[in-house]
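This is what each chain is made of:
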Amino acid sequence: MRFRIFGSIVICVLVGFGAFGVSRWAFKPTLRSLADARGLDFGVSVGGSGLRTDPYGSTTAREFNLVATENALKFEPTHPNPDEYTFDEADTIVEFAEAHGMSVEAHALVWQNQNPDWLMNGDWTRETLMDVLHDHIATVVGRYRGRIKYWVVVNEAMTDEGVLADNFWMQNIGPDYIEWAFRWAHEADPDAVLLYNDFNAEGLNPKSGGVYNLMKDLLAKGVPVHGVGFQTHVYYVWSPPPAEIAANMQRLNDLGLQVQITEMDVRIDQPVPEGALEMQADIFREVLGVCLEAENCTAFSLWGLTDAHSWIPYFYEGWGSALVLDGDYRPKPAYDALIETLEKHK
Ligand code: 9MR
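Residues numbered from 1 in each chain as written. Predicted model: local features only at pLDDT ≥ 70, side-chain atom pairs only at ≥ 80, totals over all residues. Heavy atoms only, no water.

## Regarding the layout of surface pockets
No. 1: A volume near 560 Å³ is recorded for the largest pocket.
No. 2: Lining the largest pocket are 29 residues; nearest its centre among them are Glu156, Phe199, Gln231, His233 and Trp311.
No. 3: Counting residues per element, the ones that place at least two in the lining of the largest pocket are strand E7 (233–235) and strand E8 (258–269).
No. 4: Top contributing element to the lining of the largest pocket by residue count: E7, with three residues. (1 Å grid on protein atoms, 1.4 Å probe; cavity = no way out; pocket = protein on both sides within 12 Å on 5 of 7 lines; lining within 4 Å. Points joined across faces, edges and corners; volume = space filled by probe spheres on them. Helix = DSSP H or I, 4+ residues; strand = E, 2+ residues; numbered from the N terminus.)

## Observations regarding empty space enclosed by the protein
No. 1: Applying the stated criterion across every chain, the model contains one cavity of 30 Å³ or more.
No. 2: Among the residues making up the lining of the largest cavity, the classes are represented as three nonpolar, three polar and two charged. (Nonpolar A, V, L, I, M, F, W, Y, C, P; charged D, E, K, R; others polar.)

## Quick notes on the environment of glutamine 112
No. 1: Along the polypeptide, glutamine 112 turns up in the loop between strand E3 (103–110) and helix H7 (117–120).
No. 2: In this structure glutamine 112 comes out as partly exposed when scored by relative accessible area, which is 30%.
No. 3: Put simply, glutamine 112 and glycine 48 are 64 residues apart on the chain and 23 Å apart in space, counted from C-alpha to C-alpha.
No. 4: Not counting residues within four places of it along the chain, the set of residues in contact with glutamine 112 comprises Met120, Asn167 and Phe168. (Buried < 20%, exposed > 50% of the residue type's maximum accessible area, 1.4 Å probe, protein only. Contact = heavy atoms within 4.5 Å.)

## Side note on the site of the ligand
No. 1: In the vicinity of the ligand lie 14 residues, with Glu70, Lys74, His107, Glu156 and Glu263 positioned nearest.
No. 2: At a separation of 2.4 Å, an oxygen atom of the ligand approaches a polar side-chain atom of glutamate 70.
No. 3: Here an oxygen atom of the ligand sits 2.9 Å away from a polar atom, N or O, in the side chain of tryptophan 303.
No. 4: For the ligand, whose unbound accessible area comes to 450 Å², protein coverage reaches 82%.
No. 5: More than half of the atoms belonging to the ligand lie within 2 Å of the grid points that define the largest pocket.
No. 6: Residues that form the shell around the ligand fall into these classes: four nonpolar, six polar and four charged. (Near = heavy atom within 4 Å. Polar contact = N/O pair within 3.5 Å; in protein donor to acceptor, adjacent residues only side chain to side chain. Areas by Shrake-Rupley, 256 points an atom, 1.4 Å probe, with all protein chains shown as cover. Sits in = over half its atoms within 2 Å of the grid points.)

## Things to note about the packing of aromatic side chains
No. 1: A complete count under the given rule lists twelve aromatic pairs for this structure.
No. 2: Arranged with centres 6.2 Å apart and planes meeting at 70°, the rings of tryptophan 118 and tryptophan 124 form a pair that is edge-to-face.
No. 3: Its relative accessible area of 22% is what places tryptophan 124 among the partly exposed residues.
No. 4: Grouping aromatic residues by their ring pairs yields a cluster made of Phe75, Trp118, Trp124, Phe168 and Trp169. (Phe/Tyr/Trp six-rings, centres within 6.5 Å; stacked < 30°, edge-to-face > 60°.)

## Quick look at helix H13 (residues 276–293)
Because each turn of an α-helix spans 3.6 residues, side chains separated by three or four positions in sequence point in the same direction.
No. 1: Under the 1.5 Å per step criterion, the end-to-end length of H13 is 26 Å for 18 residues, consistent within 8% with the ideal 26 Å.
No. 2: If you check which residues of H13 are buried, you get Ala276, Gln280, Ala281, Ile283, Phe284, Val287, Leu288, Gly289, Val290, Cys291 and Leu292. (Expected span 1.5 Å × (residues − 1).)

Given below as structure tokens:
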């Protein structure tokens, strides 16, 4: 009898431990589960074709609640000829997001790069180019009305000195191309959150001062701009001081704007030096921490799913390893740092 009772206790304890182990495994937090609990949009930039494959698709849906269209909604892919629009890749991304309960950040309506030749080499007057831009924005934004949470309306329009860049749009339309782009985007989808997005404007410097002044001017004119994206393409040995990023977020909050980390990656020279992955993890940890502590930071996104999908090696020879999963989808120290930071701010 005694033996039977003892045996039952042993079995119960073993079953209990087993269940605990299984439930710990089953409920192992992901970036997505922690971000959901916190109400943060946690994103990754993706391409449409990858989403149809595994583990690209399954990892995206497991770890993120937001997808950013890395290239699919830029001018050239969506509007390759004056009278032709193509939406196959963007449709794939938006449908994937909807099927997996994720939000979409669309990128980008007005930019200097990735524009088709017919646009860049056209013979424009201010009026004819305004018509083209209006039609483009009305068509592209209108197609996804109500299905896209965030639109990057204007991308990278500021110089390092903090004045508007003398780009194609500036030369052919003038500085008001920016306000018209926001007005037309708002007309086409009144519920979308409309963002201005730029790089090297995360901390406090002349460029971020220029972005701040631009936002102030637009708001004073009643232009529907709702937030600023901080791209955050940084290096493992240098990133803007967290206190500066926080101060920049705060001054934009004082204007009533939201902010986001929109394209974060932390590049490392190759081969990866000793200790570099830990330094990279610390930078991801700090920047996410700043976002979580800011009142107005609504989203934090990575620019690519794994090190094998990053733009860095193509643009910076000898650099790479910039994301939080390695090329074989294995979590790096930076992944653990993001999980820990989200857990700390639950
Ligand atoms: O990641 C994008 C890459 O696949 C494209 O070839 C490149 C073209 O310029 O654009 C990359 O994305 C950029 C984004 O659109 C704007 N911010 C900088 C990003 C990295 O270059």
